[in-house]
Amino acid sequence: NPNPDVYRHGDRSPVSSFPTNPVSEDVWPQGYGQLTKIGMQQQFRLGQSIKLRYSNFLSSEYKRKEIYVRSTDYDRTIMSAQVNLAGMYPPTGSQSWNSAIYWQPIPVHTVPRSQEKLLSYPIEGCPRFYKLLKESMAEPSFQATVKKQLKIHKQPVPSWAGMHLMMRLGQLLEYSLNVLFGGPKRVEKSRLQGGVLVKAILDKLTKAAESADATKMIMYSAHDITIVALQIALNVFNLKLPPYAACQFFELYKEDSGEYTVEMHYQNSTFAEPYSLILPGCSNACPLEQFRKLVSPVIADDWDQELTNRNYGSFAIF
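Residues numbered from 1 in each chain as written. Predicted model: local features only at pLDDT ≥ 70, side-chain atom pairs only at ≥ 80, totals over all residues. Heavy atoms only, no water.

Named according to an unreviewed UniProt entry, the protein chain is acid phosphatase originating from Varanus komodoensis. Reading the Sequence similarities (unreviewed entry) entry of the UniProt record for the protein chain gives the comment "Belongs to the histidine acid phosphatase family." The record held by UniProt for the protein chain lists under Catalytic activity (unreviewed entry) the comment "a phosphate monoester + H2O = an alcohol + phosphate". (UniProt positions renumbered as here; feature names shortened; annotations may be inferred.)

Structure (C-alpha cells):
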C-alpha cells in the first residue's frame, strides 16, 4: 500500500543576502538558493535509506507504477528529488543504459509556483488565514509568551557572536513558525494550511485501503516549512526546525484481522533511523478510521468555500 513521504531538500546555498554583506553571490557556484554538493550527498543517503527501509516492499528495480514523485517548483527541491531517486534506484540489469553512468532518469512532477496549494506554505490567496493569525496573536496566552520571549532575548547580540547569534536566530525562527501555524487557533489555521496536505495524504491512504492500487510510494520533495505546517496540523511538532533532508513517513499496514492501521515516523538525520510519532489520542499503529476521525478537525471539506463564506479584513506580515 502506498506510503506517502514528505522530505525537506538537502543543504542549500543562502536564499538571499543583505546589502552590506562582503560575501557576494558569486562565491556560490550556482548562486543563491541552490542545492550544494553536501545537499546532494544528504539526499543520496536518504534515498538509499528509504530503499533499504522498504526493501521487502518496493521492487529492487525502478517500476513506474510503484512510485510517484512530486516536487515544488524550485531548483533545489527538484534536484533533491532527482538525487534521492538516484540513491533509491541505481540502474541494474536491463535498466542499465550506459556502463559509464550509474544513473537512470525517473520522472519528477511539479506545478507552477503560482498554482502550488499543497506543498508550499503559507498557501497564497488565503486572507482568512491571516485574519486568524491576527486574532491568535491577540490571545492573552500568546501575549504572555511574547513577553517571556522578549525578556529572554532583550539583550542585544554583538555582530561578532556568530554561533550564538545563529542559535538565537534559529530559536526565533522555530518560535515564529509555531506562531504562524500553531498556538492559539491552531486547528482553524491548519484547516487552511497544513491540513490541506493532511487531507491529501489521508485520501491516498484511504484509496490504497479501498482498492488494489499499484502505487506503493508517493514522495513529496518540499521544504522545512512544509514539514512544520504538516506536523503542526497533526499536533506532533517538536518545536525544532526540520534539518536538511528531514523526512516524514506515513505507512499503511493491513493487520491480520483485516484492519488497516497508519504509522508515522520521522527521520531528522540521514545518519539516524526514523523514530515513531504518535498522533495524540491514538497508538503507534493507529487504526485508519481512528486516524481519520482524529485529523478531521483540521480538514476542510471545501477549502475554497472556507475562503469565501466569511468577511476577512486584511493583515500583513513584514
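(A) Seen up close, the packing of aromatic side chains. In the structure shown here, the tally under the stated rule is eight aromatic pairs. When the centroid spacing of 5.1 Å and the interplanar angle of 75 degrees are considered together, the rings of F129 and Y130 count as edge-to-face. The partly exposed category is assigned to Y130, whose relative accessible area is 22%. These aromatic residues form a ring-pair network of at least three members: Y121, F129, Y130 and F181. We note R53 situated over the ring of F249; from NZ or CZ to the ring centre the distance is 5.3 Å. (Phe/Tyr/Trp six-rings, centres within 6.5 Å; stacked < 30°, edge-to-face > 60°. Buried < 20%, exposed > 50% of the residue type's maximum accessible area, 1.4 Å probe, protein only. Lys NZ or Arg CZ within 6 Å of the ring centre and 35° of its normal.)

(B) Looking closely at the confidence of the model for the protein chain. Confidence in the prediction of the protein chain, expressed as mean pLDDT, is 85, and 83% of residues score 70 or more. With pLDDT under 50 throughout, residues 152-158 is counted as low confidence; its partners more than four residues away or in other chains account for six contacts. Confidence drops under pLDDT 50 across residues 310-318; counting only partners more than four residues distant or on other chains, this segment forms 15 contacts. (pLDDT = per-residue confidence, 0-100. Contact = heavy atoms within 4.5 Å.)

(C) Structural context of the state of the cysteines. This structure, assessed with the given rule, holds one disulfide. Each sulfur in the disulfide pair C282 and C286 lies 2.2 Å from the other. Linking C282 and C286, the disulfide has an S-S dihedral of approximately 100 degrees and is accordingly described as right-handed. Of the two residues examined, C282 and C286, each falls in the buried class. (Disulfide = S-S within 2.5 Å.)

(D) Region of the structure containing the nonpolar core. By size, the foremost hydrophobic cluster in this structure holds 53 residues, and its most contacted members are F181, L197, L234, F291 and V295. Contributions of two or more residues to this core are made by helix 3 (127-137), helix 5 (162-181), helix 7 (194-210), strand 3 (217-222), helix 8 (224-233), strand 4 (247-254), strand 5 (260-267) and helix 9 (288-295). Looking at this core, the element that brings in the most residues is helix 7, giving nine residues. Beyond its immediate chain neighbours, meaning those up to four positions away, L197 contacts V6, L118, L119, Y121, Y220, T226 and L230. L46, I50, Y54 and A81 belong to the second-largest nonpolar core, a separate cluster that totals 18 residues. (Core = buried A, V, L, I, M, F, W, Y, C linked by side-chain atoms within 4.5 Å. Helix = DSSP H or I, 4+ residues; strand = E, 2+ residues; numbered from the N terminus.)

(E) Structural detail: helix 2 (residues 75-88). For helix 2, which comprises 14 residues, the first-to-last C-alpha distance of 20 Å matches the rise-based estimate of 20 Å (1.5 Å per residue) to within 8%. The buried fraction of helix 2 amounts to 10 of the 14 residues, a majority that puts the element mostly inside the structure. Within the span of helix 2, buried status applies to R76, T77, S80, A81, V83, N84, L85, A86, G87 and M88. Tucked into the core, helix 2 has its buried residues touching strand 1 (3-8), helix 1 (37-53), strand 2 (67-71) and strand 3. (Expected span 1.5 Å × (residues − 1).)

(F) Fine view of unusual backbone geometry. The amide bond that connects Y121 to the next residue, P122, takes the cis arrangement and shows omega of -5 degrees. By the secondary structure assignment, P122 is in the loop between helix 2 and helix 3. A positive phi angle, close to 65 degrees, is found at K185, a residue other than glycine. One can find K185 in the loop between helix 5 and helix 6 (186-192). Taking the relative accessible area as the measure of exposure, K185 reaches 24% and is therefore partly exposed.

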